[in-house]
Amino acid sequence: MLKNTKRLFQMLWKENKLYFFISFVGIIAEILVNVCNVIFPKVLIEFLTGNQIQNAVILAVIFCIINMLINMILVVANGGKSVIQKNFRLKLDVILAKKANSILYQNFENFKEREEYQFAVKCANEGVIETIINYAVRAISIVTSLISLLYITSYTVWWIWIALIITIIVNSICEKYRIEYNFESYQTQNEVEFRMLYARDRLPWKNFAKEVRLFQMYDYVVEKANYFIDMLSSIQTERANKTFRALAISYIVHGIQILLVYSYIGYQCYIGNFSIGEFTVLTLAILSVSQLTSNLVAEFLNVKEQAQYLNSYFSFLDKEEQNQNMTLDKTSDFSIRFEDVTFSYSDNSKPALEHISYTFDSKKKYGIVGANGSGKTTFINLLMGLYYPTVGKIYWNNQLVNDINPEQYYACFSPVLQDFNIYAYTIAENISMSQIVDKEKLDKVLSKMNVDWFYKLKKKENTYITTEYEQEGTEFSGGEMQKLAIMRALYKDALIWVLDEPTSALSPKSEYELYQEINQYAKEKMIFFISHRLASCHLCDEILVFDNGSLVESGSHEMLMRKKGLYYTMFSAQASLYAEEKNEEEK
């Protein structure tokens, strides 16, 4: 607990040292408030009972001014702390997102890993960080206030202190029980909430709006969301009931304590041992000591509770990441070599790819073909370093890919993925994937593509895509979106291009023409064409045919056609289909 709390404060110190000065001022102000609130009534009553009306009025005015100034200081201090804490929390979110990005992609695909990330985000965003910082600061204020108040109440009878200690112990046990149950309850709630939010939040999302309407899914999705909402309600109700029972016991004991204090001090006042002023100051002081001590214990237990959430945050932050530091040997002539590579998505699953051995040379064009589920996408993820082999090795020249700095390796690829994303930013930002855009480079990319629609746009490259976050944004067709994704790869202009089903929204003829254009632009690049449609295979130097996780054929188009194996069957079937479509068009 202390280790991560210390770590949190070290991060805060590094981020904003002013916070600690503001906290110090706030602590002094709170101590003054606690002490003045106890001493002032005693002195005021003594002035009034001694018929010193003028002194009482002056004291009241002074106290009001001091109290006003102290509260103004507290408002400014708390406001400043709040701003700094919110900015610090946003900084922690960024650190968390950066960490998630550094975790091996194949691990982050795992549901459990993403759920842990979601819980870590929740821990950072639901006031946990602010709570721990505030508790730590308040604990210092409480301790210093207690020292001054204990001096005032030092001559109180011993059994009052026994009653106070019993009250504190009972309150502490109740609070500990509540906190321990709360953490277990919130962990269960997070798992349910994760599923509920997925169901609920899909309803208004633009990407899901069509299917929700056309398939009349609204009632179905709402039913799923309500199922999880009912589960959440049950969890929260049980937590509320147990919290109520714990608090009820605490309040009963606290009420008995107040009765004892008032009875004892009232009796002492009645028999003449205490004055009315002493009655007031002692009553306030003893109850304040009791309250502050209970608060101190509660603060400690709450910090302990919040530390469990903080541990979840740092536990994710401390996860093993891709920390390979070998510098990539980046040359224009290179090769990528698979040596008996096998990959499984889990220890018990059937391998998605088995015993793949092949060497890919720079400046060659490769076709990756096969039916759905044959292993094409898994192969591409291994090639790009998103997955690491379960068995076997992949080399860049003679460097083991597992040892190369991931960012340097990723920089070698210009991918157009099957499930590419277009963001609700400007066209320029979507192509450059950066706020800093090389205008000359962007114009060069645009000139290479057949994008007449682009030049009709009023704001050209500054046009926002979709109206998701910009009223004047523009909606693009599927084919236009795919061209944007292809231009993104052109703009990056890396050594290796990976085109994973990039033309599914285009006709076979348009697809072939686009592949020819890409082939022309990237004469000096290594290119991987992955497609169900085999039009691109004519442009490839070598073709790899996957079936059921195995590499079953490889060679040039002519060689594989002569072989009359699986590739021949696939190509002939598609050729006859295209011929039929062409005849239909001519009719």
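Because the structure is predicted, anything quoted here is derived from the model rather than measured. (Residues numbered from 1 in each chain as written. Predicted model: local features only at pLDDT ≥ 70, side-chain atom pairs only at ≥ 80, totals over all residues. Heavy atoms only, no water.)

S.K.: For the overall build of the protein chain, give the residues involved together with the corresponding values.
M.R.: Of regular secondary structure, the protein chain possesses 19 helices and 10 strands. With 587 residues in all, the protein chain has 45% of them scored as buried. Intrachain contacts of the protein chain at a sequence separation of at least 6 include 75% that bridge at least 24 residues. Put simply, the protein chain shows about 31,600 Å² of open surface, and 57% of that area lies on carbon and sulfur atoms. (Helix = DSSP H or I, 4+ residues; strand = E, 2+ residues; numbered from the N terminus. Buried < 20%, exposed > 50% of the residue type's maximum accessible area, 1.4 Å probe, protein only. Contact = heavy atoms within 4.5 Å. Areas by Shrake-Rupley, 256 points an atom, 1.4 Å probe, with all protein chains shown as cover.)

S.K.: Let's hear about the sheet that holds strand β5 (residues 399–400): which residues, and what values?
M.R.: Read across the sheet, four strands follow the order β2-β1-β4-β5 without closing on themselves; strand pairing throughout is antiparallel. The sheet is open, and its two borders are formed by β2 (353–361) and β5, each paired with just one other strand. By the bridge criterion, six bridges tie strand β1 (residues 335–343) to β2 in an arrangement that is antiparallel. Residue pairing in the sheet places R337 in a bridge with T359 of β2. Set on the sheet, helix α11 (residues 376–383) makes contact with β1, β2 and β4 (391–396); between it and β1 the angle comes to about 125 degrees. (Pairing = 2+ DSSP bridges. Axes fitted to C-alpha atoms, helices over the stretch in contact; angles between N-to-C directions.)

S.K.: Quick rundown of the sheet that holds strand β3 (residues 365–370)? Include the residues and the values.
M.R.: On the basis of which strands lie adjacent, the open sheet formed by six strands has the order β6-β7-β8-β3-β9-β10 and mixed pairing. This sheet does not close on itself; its edge strands, each paired only once, are β6 (413–416) and β10 (550–555). Neighbour-to-neighbour, the strand axes of this sheet turn through a mean angle of 15 degrees, independent of strand direction. Where β6 and strand β7 (residues 496–500) come together, four bridges link them in parallel fashion.

S.K.: Could you give an account of the nonpolar core, naming the residues involved and the relevant values?
M.R.: Ranked by size, the top nonpolar core spans 42 residues in total, and within it I427, I431, M487, I543 and Y567 carry the most contacts. Of the residues forming this core, the biggest block, eight residues, is contributed by helix α16 (residues 478–492). In this structure, I543 is in contact with G367, V369, C537, E553, S554, G555, S556, H557, L560 and Y567, ignoring residues within four places of it in sequence. F379, I380, F413 and F546 belong to the second-largest nonpolar core, a separate cluster that totals 33 residues. (Core = buried A, V, L, I, M, F, W, Y, C linked by side-chain atoms within 4.5 Å.)

S.K.: Requested: an account of the packing of aromatic side chains, with residues and values cited.
M.R.: Considering all chains together, one arrives at 18 aromatic pairs under this definition. On the numbers, 5.9 Å between centres and 85 degrees between planes, the contact of Y19 with F20 is edge-to-face. You can call Y19 buried: its relative accessible area is 0%. Ring geometry for Y358 and F360: centres 5.0 Å apart, planes at 40 degrees, overall tilted. Of the residues examined, Y358 reaches a relative accessible area of 14% and is grouped as buried. The class for F360 is buried, based on a relative accessible area of 0%. Through a chain of ring-to-ring contacts, the aromatic side chains of F338, Y358, F360, Y366, F379, F528 and F546 assemble into a single cluster. The ring of Y491 has K441 sitting right over it, with the charged end atom 4.6 Å from the ring centre. (Phe/Tyr/Trp six-rings, centres within 6.5 Å; stacked < 30°, edge-to-face > 60°. Lys NZ or Arg CZ within 6 Å of the ring centre and 35° of its normal.)

S.K.: Pulling in residues and values, what's your account of the packing of helix α14 (residues 439–448) against α16?
M.R.: With their axes 10 Å apart at the nearest point, α14 and α16 run at an angle of 130 degrees to one another. Relative to α16, α14 is oriented oblique. Like other packed secondary-structure pairs, α14 and α16 cross with a definite hand, here right-handed. Together, K441, L442, V445 and L446 of α14 and M487, L490, Y491 and K492 of α16 make up the contact between the two elements. (Parallel < 35°, antiparallel > 145°, perpendicular 65-115°, else oblique. Left-handed = near helix turned anticlockwise from the far one by under 90°.)

S.K.: Provide a residue-level description of α16, including the pertinent values.
M.R.: Within an α-helix, residues lying three or four positions from one another point in the same direction, as the helix has 3.6 residues per turn. Look at α16: 22 Å from first C-alpha to last across 15 residues, which is about the 21 Å you get at 1.5 Å a residue. Of all 15 residues making up α16, 13 are buried, and the element is well covered by its neighbours. (Expected span 1.5 Å × (residues − 1).)

S.K.: Can you tell me about the state of the cysteines, naming the residues and giving the values?
M.R.: All chains considered together, the criterion is met by zero disulfides. Free cysteine: C540, not disulfide-bonded; nearest cysteine sulfur from C537 at 5.3 Å. Note on C540: relative accessible area 9%, which makes it buried. (Disulfide = S-S within 2.5 Å.)

S.K.: Could you give an account of the pattern of salt bridges, with specific residues and numbers?
M.R.: One pass over the full model with this rule turns up six salt bridges. The salt bridge partner of D333 is K363, with a shortest N-O separation of 3.8 Å. With D333 in the loop between α10 (276–317) and β1 and K363 in the loop between β2 and β3, this residue pair connects regions lying 30 residues apart in the sequence. A relative accessible area of 53% means that D333 is categorised as exposed. In this structure, the salt-bridge partner of E542 is K364, at a minimum N-O distance of 2.8 Å. In this pair, E542 is assigned in strand β9 (residues 542–547) and K364 in the loop between β2 and β3, connecting sequence segments 178 residues apart. On the accessibility criterion, E542 (16% relative accessible area) is buried. (Salt bridge = Lys/Arg side-chain N within 4 Å of Asp/Glu carboxyl O.)

S.K.: Just give me the short version of a nonpolar patch on the surface, but keep the residues and values in it.
M.R.: The grouping of L48, I53, V57, V61, I65, M68, L69 and M72 at the surface amounts to a nonpolar patch, some 720 Å² of accessible area in total. The element that contributes the greatest number of residues to the nonpolar patch is helix α3 (residues 53–102), accounting for seven residues. The exposure class assigned to L69 is partly exposed, which follows from its relative accessible area of 44%. (Patch = residues over 30% accessible without salt bridge, like charges linked within 9 Å, V, L, I, M, F, W, Y side chains within 5 Å.)

S.K.: Could you give an account of the pairing of β3, with specific residues and numbers?
M.R.: Within β3, six of the six residues are buried, which leaves the element mostly enclosed by the surrounding structure. Alternating positions in β3 separate into two faces, K365, G367 and V369 on one and Y366, I368 and G370 on the other, with burial throughout. Sheet topology places β3 next to strand β8 (residues 526–530); four bridges connect them, and they run parallel. Within β8, the position partnered with K365 by the bridge is I527. Here five bridges tie β3 to β9, and the two strands are oriented parallel to one another. Directly across from V369, in β9, lies its bridge partner V545.

S.K.: Explain the pairing of β9 residue by residue, including any values.
M.R.: Counting buried residues along β9, five of its six residues qualify, which places the element largely inside the surrounding structure. Both β9 and β10 contribute to a ladder of five bridges, which runs antiparallel. Looking across to β10, one finds that D547 is bridged to S550.

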